[in-house]
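Understanding the architecture of this molecule
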Amino acid sequence: MKKYILHIFLLISIIAFAQNPMVKAQIETSQIRIGEQFNLRISVNEIENVILPKLELKGLEVIDSAMIDTLGNMLVQKYIITGFDSGAYYIPQQQVFVKNQAYLTDSLLVNVATVAIDTTKIKKFPIKAIKAEPYTFDDFKIYVYILLAALVIIGFWIYWFVIRKRKMEIEEPTFRALPPYDEAIYKLNELDEKLLWQNNKVKEYYSELTEIVRGYIERELKLPALEKTTDEIIETLKDFNEAETISTSKETIDKLKALLQEADLVKFAKSKPLAIEIEEDRKDAKLVIDNLKPKPIIEDDELE
């Protein structure tokens, strides 16, 4: 008798367990149209040490999932699912771990049907001509790059063969040089306006004064007077005068000698001439420039 009671008790337990499985998957519908959504509900008869699956489907897509909910001693996870291709698709068995033990849900079949279209009620329109797409920069960028490259090449060619060549050529002076005499007189007047010796710059005054006279001799007589010493200049002028290649006098050469020697004393011996002596030297410089000329060359036709 006890044996029969035990069998009955086990049978009741098995039936109760079958009616209340540990994990369960349910869908609200098994028939949807393309694009429609439905809910998948996975419930677990336990709330501790439960690991729910990451849902992976084929032919169906998970749109969203809700937060895990607790209902008494049960965990519930809801998913929103849809399908975009017609056909029959299975939601496969999902493995759920409860207290380190694996449980499987049932697989569920979902049919996705196409939306029926009544072509008799569709308004027909004439076929439109193909509309050209609007132009964008990408349509023309290759031509823009080619144009830029061509401009760079042309610019480089102009610079290399025109501008650079022009820069390398010796530029001719755009001004007309004054004759030696006019230049010397112009520089003497400039020197007077500087008022150097009047401002105790006697050394600078004599340096510029003798440089003007030497520069005049160098240009007018073709004599490198700027590079020669006082004695060399005087000896050369005396030779020119004796050879009658210049038009001057012994007095002019003597005044030039005295002027150059006075300047040497000021520059090298720190001599300080008086104001009247400085003015006389200025007059002597003008006298030398006025009276020191190359002798004119007489051509053969004039001799005849």
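Refer to the structure presented above.
Basis of the calculations
Residue positions within a chain follow its written sequence, with the count starting from 1. Local features in this predicted model are restricted to residues whose pLDDT is 70 or higher, and side-chain atom pairs enter the listing and the counts only when it is 80 or higher, whereas totals over whole chains, interfaces and linings include all residues. For side-chain calculations, the full set of non-hydrogen atoms in the structure is used, while hydrogens and water are omitted. Strand pairing is assigned whenever DSSP identifies at least 2 bridges connecting the two strands. Helix and strand definitions follow DSSP, with helices as H or I runs of at least four residues and strands as E runs of at least two, each counted in order from the N terminus. Note on method: axes are straight lines fitted to C-alpha atoms, helices fitted across the in-contact stretch only, with angles between N-to-C directions ranging 0 to 180 degrees. Just so you know how the angles are binned, under 35 degrees is roughly parallel, over 145 roughly antiparallel, 65 to 115 roughly perpendicular, and the rest oblique. Left-handed describes a crossing whose near helix is turned anticlockwise from the far helix by less than a right angle; the clockwise case is right-handed. The criterion used for residue contact is that any of the two residues' heavy atoms lie within 4.5 Å. Residue type decides the class: Asp, Glu, Lys and Arg count as charged, Ala, Val, Leu, Ile, Met, Phe, Trp, Tyr, Cys and Pro as nonpolar, and the leftover types, Gly among them, as polar. Here the nonpolar core consists of buried residues drawn from Ala, Val, Leu, Ile, Met, Phe, Trp, Tyr and Cys, with membership extended through side-chain atoms lying within 4.5 Å. Relative accessibility under 20% of the residue-type maximum defines a buried residue, over 50% an exposed one, and the middle range a partly exposed one, all with a 1.4 Å probe and only protein chains included. Salt bridge, as used here, is a side-chain nitrogen of Lys or Arg placed within 4 Å of a carboxyl oxygen of Asp or Glu. Only residues whose relative accessible area exceeds 30% and that form no salt bridge are eligible for patches; like-charged ones are grouped when within 9 Å, while nonpolar side chains (Val, Leu, Ile, Met, Phe, Trp, Tyr) are grouped when within 5 Å. Each accessible area is a Shrake-Rupley result for a 1.4 Å probe, and residues are judged covered by the shown protein chains and nothing else. In this tally Asp and Glu are treated as negative and Lys and Arg as positive; neither His nor the chain ends contributes. Working definition for charges: the position is that of NZ of Lys, CZ of Arg, CG of Asp or CD of Glu. How far a helix is expected to stretch is found by multiplying one less than its residue total by 1.5 Å. The reported arc concerns the directions from the helix axis to the C-beta atoms and nothing else.

1. Considerations on the sheet that holds strand β8 (residues 87–91)
Pairing is mixed across the open sheet formed by three strands, whose spatial order is β2-β11-β8. Of all the strands in the sheet, just β2 (31–33) and β8 have a single pairing partner and so form its edges. Averaged over neighbouring strand pairs, the angle between their axes works out to 30° when direction is ignored. In this sheet, strand β11 (residues 108–113) lies alongside β8 in antiparallel orientation, the contact comprising five bridges. Each residue of the ladder has a partner; that of I91, found in β11, is L108.

2. Describing the packing of helix α6 (residues 250–268) against helix α7 (residues 275–291)
Direction vectors running N to C along α6 and α7 enclose 135°, while the axes themselves pass 9 Å from each other. If you check the angle between α6 and α7, you find them oblique. Both α6 and α7 take part in a crossing whose hand is left-handed. Residues T252, K255, L256, L259 and E262 of α6 form the contact with α7, whose own contacting residues are D281, D284, A285, L287, V288 and N291. Across the contact of α6 with α7, the residue classes break down as five nonpolar, two polar and four charged.

3. Some thoughts on the nonpolar core
Counting 32 residues, the largest nonpolar core has Y205, I217, L237, L256 and L292 as the members making the most contacts within it. For this core, the leading source of residues is helix α4 (residues 202–221), giving nine residues. Listed in part, the 15 residues of the second largest apolar core include A25, L57, I81 and V110.

4. Some remarks on the pattern of salt bridges
Enumeration over the complete set of coordinates arrives at 10 salt bridges. The salt bridge involving E46 is made with K99; its shortest N-O contact spans 3.8 Å. In this pair, E46 sits in the loop between β3 (37–44) and β4 (50–51) while K99 sits in the loop between β9 (95–98) and β10 (101–104), placing the two residues 53 residues apart along the sequence. Among the salt bridges present, the one from K255 reaches D284, with a minimum N-O distance of 3.7 Å. Within this pair, whereas K255 is found in helix α6, its partner D284 is found in helix α7, the two being separated by 29 residues in sequence. For D284, a relative accessible area of 14% puts it in the buried group. Within this structure, E183, K187 and R219 form a network of salt bridges that share partners.

5. Here's the deal with a negative patch on the surface
Among the surface-exposed residues, D231, E232, E235, D239 and E242 lie close enough to one another that they form a single negatively charged patch. Assignment of secondary structure puts E242 in helix α5 (residues 230–242).

6. Examining α6
In an α-helix, one full turn covers 3.6 residues, which means residues spaced three or four apart are oriented alike. Taking 1.5 Å per residue as the helical rise, α6 with its 19 residues ought to reach 27 Å, and the 27 Å between its terminal C-alpha atoms agrees with that figure. For α6, every residue scored as buried is listed here: T252, I253, L256, L259, L260, E262, A263 and V266. At the exit of α6 stands K270, carrying a positive phi of roughly 55°.

7. Some words on unusual backbone geometry
Positive phi is not limited to glycine here, since N49 has a value of about 55°. Residue position: N49 is located in the loop between β3 and β4. With relative accessibility at 57%, the residue N49 sits in the exposed group. Even without a glycine there, the phi angle at E244 is positive, about 60°. Its place among the elements puts E244 in the loop between α5 and β12 (246–247).

8. Digging into α7
Taking 1.5 Å per residue, 17 residues should reach 24 Å; α7 reaches 25 Å between its end C-alpha atoms and fits that length. Every buried residue of α7 is accounted for by I278, D281, R282, D284, A285, V288 and I289. Summarising the axial view, the buried residues of α7 lie within an arc of 160°, below the 170-degree limit, and thus occupy one face. Away from the buried face of α7 by more than 90 degrees, exposed residues I276 and K283 are located. Its buried side turned inward, α7 meets α3 (180–194), α4, α6 and β13 (293–294).

9. Remarks on the sheet that holds β10
With antiparallel pairing, three strands are arranged side by side in an open sheet as β4-β9-β10. The sheet terminates laterally at β4 and β10, the two strands that pair on one side only. The pairing of β9 with β10 spans four bridges and is antiparallel. If you follow Q95 over to β10, its bridge partner there is L104.

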